[in-house]
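Geometric and topological summary
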Amino acid sequence: MKRFPLSKTLPAVLLAVAALALSSCGFTPLYGDQSVTKGLSTIEVVAADGRAGYLLREKLDDAFARDVNRLPSHRLVYTIEERRYARGVRVDNVANRYELNLTAKWRLLDIKSGQQVRAGSTSAAVTYDSADQPYASIAAQQDSQERAATELARRIQLELAAWLAGKAKA
């Protein structure tokens, strides 16, 4: 009879017990219910003005997996505020590190009634280095806008997914 060492079987046993414990206490993954992903895919996003507004709309469309073959049930409208702060200063008192804060104040509207069903304010902050070369500095700033928009879209997606998951259970 072949014997298995305890160090190899113990993690598998613990994983099986944890899965059994989670399923017995009513745990359901956020995306386990298809109504959440279908609900997100029918949200139409209206872009705010400016580069950051456009980037956020692109990231939200990707995050929601927008299905253009289905009529939208909700419309997400937002305004975006962009602030940049100098965080690192060289010896000659010139900023070389910045923090970019993006804040989106958003409203989710029902398409049929036009009524607001959800609203919020979500923020994301990223940092970047500013180079001495002008083009490198512009590229770093634009990259930080993209990273901040990606994080902002992820946070809005999670907030709306949690809301849709709670709404589906009701």
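Notes on the structure in this doc start here. (Residues numbered from 1 in each chain as written. Predicted model: local features only at pLDDT ≥ 70, side-chain atom pairs only at ≥ 80, totals over all residues. Heavy atoms only, no water.)

Moving on, we come to the nonpolar core. Of all hydrophobic cores here, the largest spans 29 residues; its most connected members are Leu 60, Phe 64, Leu 76, Ile 156 and Leu 160. At the level of secondary structure, the elements contributing two or more residues to this core comprise strand 1 (43-46), helix 3 (50-64), strand 2 (74-89), strand 3 (95-110), strand 4 (116-129) and helix 4 (134-169). No other element matches the nine residues that helix 4 contributes to this core. Not counting residues within four places of it along the chain, the set of residues in contact with Leu 160 comprises Leu 40, Ile 43, Phe 64, Leu 76, Trp 106, Leu 108 and Arg 118. (Core = buried A, V, L, I, M, F, W, Y, C linked by side-chain atoms within 4.5 Å. Buried < 20%, exposed > 50% of the residue type's maximum accessible area, 1.4 Å probe, protein only. Helix = DSSP H or I, 4+ residues; strand = E, 2+ residues; numbered from the N terminus. Contact = heavy atoms within 4.5 Å.)

Under the defined criterion, the tally for this structure stands at ten salt bridges. Between Arg 147 and Asp 143 there is a salt bridge; the shortest N-O distance is 3.1 Å. Separated by four residues within a single helix, Arg 147 and Asp 143 lie in helix 4, roughly one turn from each other. A relative accessible area of 34% means that Arg 147 is categorised as partly exposed. On the accessibility criterion, Asp 143 (40% relative accessible area) is partly exposed. Each member of the salt-bridge network shares a partner with another, and the members are Arg 57, Glu 58 and Asp 61. (Salt bridge = Lys/Arg side-chain N within 4 Å of Asp/Glu carboxyl O.)

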